[in-house]
Amino acid sequence: MSQPNKSSLTEERIFKPSKDFSKKARIKSMAQYKRMHKESIEKPGVFWAKEAKELAWQKKWTKALDWKAPYAKWFVGGKLNVCESCVDQHLTNGRANKAAIIWEGEPGENRTLTYRQLHREVCNFSNVLLAKGIKPKDRVMIYMPMTPEAVIAMLACARIGAVHSVIFGGFSAESIVDRLEDCQAKAIITSDGGYRRGGVVPLKKNVDDALKKYKAVETVIVHQRIGKEGAPVKMKRGRDVWWHEEAAQVSSKHEAKAFDSEHPLFILYTSGSTGKPKGILHTCGGYLTGTYATCKYIFDMQDDDVYWCTADVGWITGHSYITYGPLANGVTQVMYEGAPNFPDFGRFWDLVEKYGVTIFYTAPTAIRAFIKAGDHFPESRDLSSLRLLGTVGEPINPEAWMWYHRKIGGERCPIVDTWWQTETGAIMISPLPGCTPTTPGTATLPFFGVDAAILDETGQEVGPNEGGKLVIRKPWPSMLRTIYGDKKRYRDTYWNDYAGIYTAGDGARRDKKGNFWITGRLDDVLNVSGHRLGTAEVESALVSHKVVAESAVVGRPHEIKGQGVVAFVTVKAGVKTSDAMAKELRNHVGHVIGAIAKPDEIYFTPALPKTRSGKIMRRLLKELVATGKVSGNITTLEDHKVIADLQAQLKK
Ligand code: 7RM
């Protein structure tokens, strides 16, 4: 036999949940999973109706699913207020005085909100929004640090039927402008600032800069997180108001009115293969059902759990697994404002010990950073409260998985490697912690109602261990409904490869046991520290600098970030290149998009490798940065000298 490759070796390592874990878990055996999965695929309407019934509806639906590819409507005719399921229902089911959010600020202060207190805050802020003239379907942008107010703002929007669009606090003023223009937001909710790595992120100032370019915003509501000493802000008369001043003027009582199941809930921007981010639109009933059910089964949320998802609310993971899913389950969760390494890499483990976290959900990039920081950080804390671990955002390398299992999970906690996307709204492929045998590196099997498959170019399902395109063959409740304002792009991006089938944009293979191994994006989207970034976005940011004529951006494997950003740049005639120039361009990209997009390396080149018809040959550049050389067919290359020059530069 030939040498076994690494992946077939790792497939031999199988980890099963302990009997004790399985006994208490919602799904206890593979037989139960298989039976339920089969039913959920054969009769999706029946399966999902059962889940949806556990939420608060003011009017029951008449039809579970209306599917006219590629448009789905779930729970047609049903009416609900998402906020009622996440908050109000817990006032009468015994959870009123249970902690909903245990929050810790980066400087170390903490605050607990019970479900009753959360309800009061959300009602109060709903009245603030109403007083500002916000109507159902109006778009409201949220640009805040990780504070309970970010969650309160989202829930208040949902409560009054407004559509929130949360922008990650690490994005720049220019990124805000693009998104404002696209969704035409009427109001912005922000903070004077947020703490990050000991410093203050000037959120309100970024909003001010954005509003110099986009002028249609009528109201800016500013939550005071820092205070005048640390974050002085300018308030524009007639436009800007303080959250606490407005809140003091309105009541804390608000009755939740029901909206249609298909009423828009939020727009969240994500990177695609063009320079323009896509506004992914999610709606109420289906999205809530998907996030609720996945929390219940995949995180196995129980009433005495203390759950912590370390994502930012600015990403889909924060929407689905901080705000909507966990609260609909009535769980207690920890929320932390700051960086994992502030004041040092022990911070997360301090929080786990201090609050007795039982379920912990983070990203592989964070795990790799912890590995590098050293084992003494977790080893010197008591992590025995943990019972379940999760990962999300990118494929987890087996080494990181094993470290997580040993050093954080104490070899006792199941790990759920959860594959999903902004577009899918909720987790799609993942182990169920009480039954699925896991192997480092695979997200294992599809969740209930998820008909995942791997297809070749002709639409045939590929055989075991053959690579292909990851697709979902049937609609699911939390799927995106469209790209806001761009139906054509919605169809072209997700529904064009195979009729009526959703293409995820990821490559994958299935092993002999049916486990899905996600190999990464097939389009020009990078995954930097678990965050999606379009190469075209970085390119257009570079080209917006006055000295740049042209650029090509590719990813390269990066030890901590998963992928690093490498840029090839051609400057305009007469411009002299230098290290200082490279630094300036890096900062420029940070300014245009945000710090996560800054290229790790910039190479200046008199020309980019192109085909005779003028297309940049990214494939060559990718290969060049990964291996230092190019193989394969380069006969279509217009100018061979370009590659030789770049090769010489990369050697240095
Ligand atoms: C939740 C989220 C989506 C992209 C997706 C994949 C990659 C996410 C995993 C993963 C392998 C995983 N939404 N991805 N989770 N790849 N294993 N468990 O990340 O819209 O921001 O990104 O992330 O490429 O298409 S996202």
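Cut-offs used in this document
Residues numbered from 1 in each chain as written. Predicted model: local features only at pLDDT ≥ 70, side-chain atom pairs only at ≥ 80, totals over all residues. Heavy atoms only, no water. Near = heavy atom within 4 Å. Polar contact = N/O pair within 3.5 Å; in protein donor to acceptor, adjacent residues only side chain to side chain. Areas by Shrake-Rupley, 256 points an atom, 1.4 Å probe, with all protein chains shown as cover. Salt bridge = Lys/Arg side-chain N within 4 Å of Asp/Glu carboxyl O. Helix = DSSP H or I, 4+ residues; strand = E, 2+ residues; numbered from the N terminus. Buried < 20%, exposed > 50% of the residue type's maximum accessible area, 1.4 Å probe, protein only. Contact = heavy atoms within 4.5 Å. Pairing = 2+ DSSP bridges. Right-handed = clockwise from strand over helix to strand, strands pointing away. Core = buried A, V, L, I, M, F, W, Y, C linked by side-chain atoms within 4.5 Å. Phe/Tyr/Trp six-rings, centres within 6.5 Å; stacked < 30°, edge-to-face > 60°. Lys NZ or Arg CZ within 6 Å of the ring centre and 35° of its normal.

### With respect to the site of the ligand
Inference 1: The local shell around the ligand holds 17 residues, among which Asp417, Thr418, Thr422, Asp506 and Arg521 are the closest.
Inference 2: The separation between an oxygen atom of the ligand and a polar side-chain atom of Thr422 is 2.6 Å.
Inference 3: Within the side chain of Arg521, an N or O atom sits 2.8 Å from an oxygen atom of the ligand.
Inference 4: Relative to its free-state accessible area of 530 Å², the ligand is covered by the protein chains to the extent of 96%.

### Thoughts on the pattern of salt bridges
Inference 1: In this structure the tally under the stated criterion is 48 salt bridges.
Inference 2: For Lys354, the salt bridge identified is with Glu104, shortest N-O distance 2.7 Å. Here Lys354, found in helix 13 (residues 347-355), pairs with Glu104, found in strand 5 (residues 99-104); they are 250 residues apart in sequence, far enough to count as distant.
Inference 3: Taking the relative accessible area as the measure of exposure, Glu104 reaches 4% and is therefore buried.
Inference 4: Across the pair Asp305 and Arg387 runs a salt bridge whose closest N-O atoms are separated by 2.8 Å. On the criterion of sequence distance, the pair formed by Asp305 in the loop between helix 11 (284-298) and strand 17 (306-309) and Arg387 in the loop between helix 15 (376-379) and strand 20 (388-392) is long-range, its members being 82 residues apart.
Inference 5: Overlapping salt bridges, with partners in common, bring together Lys204, Asp208, Arg239 and Asp240 in one network.

### Re helix 14 (residues 364-373)
Inference 1: The buried fraction of helix 14 is high, at seven of 10 residues.
Inference 2: Residues Pro364, Thr365, Ala366, Ile367, Arg368, Ala369 and Phe370 constitute the buried set of helix 14.
Inference 3: Of the surrounding elements, those touching the buried residues of helix 14 are helix 13, strand 19 (359-362), strand 20, helix 16 (398-408) and strand 30 (562-571).

### Quick word on the pairing of strand 31 (residues 601-604)
The side chains of a regular strand alternate, residue by residue, between the two faces of the sheet.
Inference 1: Note that strand 30 and strand 31 share four bridges and pair parallel. Bridge pairing links Phe568 to Tyr603 in strand 31.
Inference 2: Considered for its hand, the β-α-β crossover made up of strand 30, helix 19 (residues 579-592) and strand 31 is right-handed.

### Examining the nonpolar core
Inference 1: Residues Leu118, Phe125, Leu155, Ile189, Phe299, Tyr321 and Tyr324 are the most contacted members of the largest nonpolar core, which totals 115 residues.
Inference 2: Per-element accounting of this core gives the leading share, 10 residues, to helix 7 (residues 148-160).
Inference 3: In this structure, Phe125 is in contact with Ile152, Ala153, Ala156, Ile189, Ile221 and Trp243, ignoring residues within four places of it in sequence.

### What about the packing of aromatic side chains?
Inference 1: One pass over the structure, following the stated rule, counts 43 aromatic pairs.
Inference 2: Every member of this aromatic cluster is reached through a ring pair, and the members are Trp308, Tyr336, Phe345, Phe348, Trp349, Phe360, Phe370 and Phe377.
Inference 3: Of note, Arg179 hangs over the ring of Phe171, and the distance from its end group to the ring centre comes to 4.6 Å.
Inference 4: The ring of Tyr71 has Lys487 sitting right over it, with the charged end atom 5.6 Å from the ring centre.

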